[in-house]
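Structure at a glance
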Amino acid sequence: MIPAPFDHITPVTLDEAIRALTSHGEEAKLLAGGHSLLPLMKLRLASPKLLIDLSKIPGLAGIRQEGDKMTVGALTTHYQIESSELLKEKCPLLPQTARVIGDVQVRNRGTIGGSLAHADPAADLAAAMLALGAELRVRGAQGERWLKAEEFFLDLMTTALSPSEILTEIRVPVLSGRCGTAYLKLPQKASGFALVGVAVWLRADGGLCADIGVGVTGLGAKPFRAVRVERHLRRKRLEPALIETASAEVTLRIEPLGDIHASAEFRAHLARLYTYRAIVEAARTAGISLTKAKGK
Ligand SMILES: Cc1cc2nc3c(=O)[nH]c(=O)nc-3n(C[C@H](O)[C@H](O)[C@H](O)COP(=O)(O)OP(=O)(O)OC[C@H]3O[C@@H](n4cnc5c(N)ncnc54)[C@H](O)[C@@H]3O)c2cc1C
């Protein structure tokens, strides 16, 4: 449980951090909240020679509105997201998701940037990012670029970030009009990580679902956007039977993970059930009244 020896630097500008990252290559790792990286180092599953601590770089944390978008800095903690009154009003799916991450200690230290960059297949915020169609701003030696959440997650713990790139901020839409949101997960009992978690936002137009986003975590090797489910429901009148048929599509073309916590079959079952429940809850908060289907 003791990590291999390492050096630690605290750059005060983003350029300084990028230079250190570029010159040390594979030997360096960025440090944000440390709640994923340090456990790996203690188990010696990661042994970076240099930790580049992001905590002293100004402007990397914070939540602000820019027109019809909300911007969240990469170093913003889960607790800051969970307790942000601005996000509760403008994009409640983020606080709803952040508040069920791990426990209070994890939420106090863990950051949104660290969670997304680490790309755990069961990370909660990834599901919300995908549902909302978030855009991720990254800076590296080659300059700056924006990535869509769908382009960001490539595989198990693998993202589109190049080794010299730093995730700096995340942009999500302000949910205006009659919008409803929900994030539901079945937590693994020890860590709180999702066996399966489903994030949904939808916009209502009378009893119709005018638009919808569905993001799923925990089911496969990477979190994904359930586009088939969305297509099934967009511009339709929401009824329990329709939502049930749409939710069954969440597992199509996905290879569910199986491990000591849940078999692949159980995860697939949970994905269909939690997709159904999250859509019903989002519809309810958008003001659409539905009668509950039997057994749900
Ligand atoms: C007991 C426990 C329970 C947990 N439960 C949950 C849970 O229920 N749900 C959940 O989603 N998560 C859970 N987590 C994970 C937690 O949310 C972590 O905080 C998060 O995954 C990583 O964020 P961090 O800021 O701690 O990143 P760090 O551990 O500092 O970094 C993680 C990785 O991301 C890289 N990195 C960090 N910041 C950036 C950046 N800005 N740009 C590029 N790369 C970067 C680092 O180099 C490292 O490789 C749990 C963790 C623990 C220890």
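Conventions and cut-offs
Residues numbered from 1 in each chain as written. Predicted model: local features only at pLDDT ≥ 70, side-chain atom pairs only at ≥ 80, totals over all residues. Heavy atoms only, no water. Helix = DSSP H or I, 4+ residues; strand = E, 2+ residues; numbered from the N terminus. Contact = heavy atoms within 4.5 Å. Areas by Shrake-Rupley, 256 points an atom, 1.4 Å probe, with all protein chains shown as cover. Lys, Arg positive; Asp, Glu negative; His and termini not counted. Charge placed at Lys NZ, Arg CZ, Asp CG, Glu CD. Pairing = 2+ DSSP bridges. Axes fitted to C-alpha atoms, helices over the stretch in contact; angles between N-to-C directions. Near = heavy atom within 4 Å. Polar contact = N/O pair within 3.5 Å; in protein donor to acceptor, adjacent residues only side chain to side chain. Nonpolar A, V, L, I, M, F, W, Y, C, P; charged D, E, K, R; others polar. Buried < 20%, exposed > 50% of the residue type's maximum accessible area, 1.4 Å probe, protein only. Arc of directions from axis to C-beta.

**Some details on the overall build of the chain**
- In terms of regular secondary structure, the chain is built from twelve helices and 15 strands.
- Projected onto its principal axes, the C-alpha positions of the chain cover 60 × 45 × 30 Å.
- Long-range pairs, those at least 24 residues apart, make up 62% of the contacts in the chain with a sequence separation of at least 6.
- Looking at the chain as shown, the accessible area adds up to about 13,900 Å², and 52% of this sits on carbon and sulfur atoms.
- Distance between charge centres in the chain, computed from 38 positive and 31 negative side chains, equals 5 Å.

**Some words on the sheet that holds strand β5 (residues 69-73)**
- Spatially, the five strands line up as an open sheet ordered β4-β5-β10-β6-β7, and their pairing is antiparallel. A strand with exactly one partner marks an edge of an open sheet, and here the two such strands are β4 (63-66) and β7 (143-148). Averaged over all adjacent pairs, the angle separating strand axes in this sheet is 25°, with direction ignored.
- Alignment of strand β6 (residues 135-140) against β7, held across six bridges, turns out to be antiparallel.

**A word on the site of the ligand**
- Neighbouring the ligand are 30 residues; Leu30, Gly34, Leu37, Thr111 and Asp124 lie closest to it.
- Between Gly102 and the ligand, the recorded distance is 2.9 Å, taken from a backbone N or O atom to an oxygen atom.
- A distance of 3.4 Å separates an oxygen atom of the ligand from a polar atom in the backbone of Ser115.
- In the complex, the protein chains occlude 90% of the 980 Å² of accessible area that the ligand would expose alone.
- Of all the secondary structure elements, the ones that give two or more residues to the shell around the ligand are β2 (28-31), α7 (112-118) and β10 (166-173).
- Broken down by class, the residue content of the shell around the ligand amounts to 14 nonpolar, 13 polar and three charged.

**Quick notes on the side chain of Thr168**
- Assignment of secondary structure puts Thr168 in strand β10.
- When near neighbours in sequence (up to four residues on either side) are disregarded, Thr168 contacts Leu14, Leu60, Gly73, Ala74, Arg137, Val138 and Arg139.

**Remarks on the pairing of β10**
- Of all eight residues making up β10, six are buried, and the element is well covered by its neighbours.
- Sheet analysis places β5 next to β10, joined by five bridges and oriented antiparallel. Its bridge partner being in β10, Met70 is matched across the sheet by Val172.
- Pairing of β6 with β10 involves five bridges; the strand directions are antiparallel. When the bridges of β10 are listed, Arg139 appears paired with Ile166.

**Things to note about helix α1 (residues 14-24)**
- Within α1 the residues assigned to the buried category are Leu14, Ala17, Ile18, Ala20 and Leu21. The arc enclosing the buried residues of α1, seen along the axis, measures out at 160°, which places them on a common side. Along α1, the residues that are exposed and aim more than 90 degrees away from the buried face are Arg19 and Ser23.
- Here the buried face of α1 lies against β1 (7-9), β2, β3 (50-53), β6 and β10.
- Two residues or fewer after α1 comes Gly25, characterised by a positive phi angle close to 50°.

**Focus on the sheet that holds β2**
- Strand order across the open sheet formed by three strands is β1-β3-β2, with parallel pairing between neighbours. Only two strands of the sheet have a single neighbouring strand rather than two, namely β1 and β2. Averaged over neighbouring strand pairs, the angle between their axes works out to 25° when direction is ignored.
- Across three bridges, β1 lies against β3 in parallel orientation. Bridging from a neighbouring strand, Ile9 pairs with Ile52 of β3.
- Helix-sheet contacts for α1 involve β1, β2 and β3, and the interaxial angle to β3 is about 165°.

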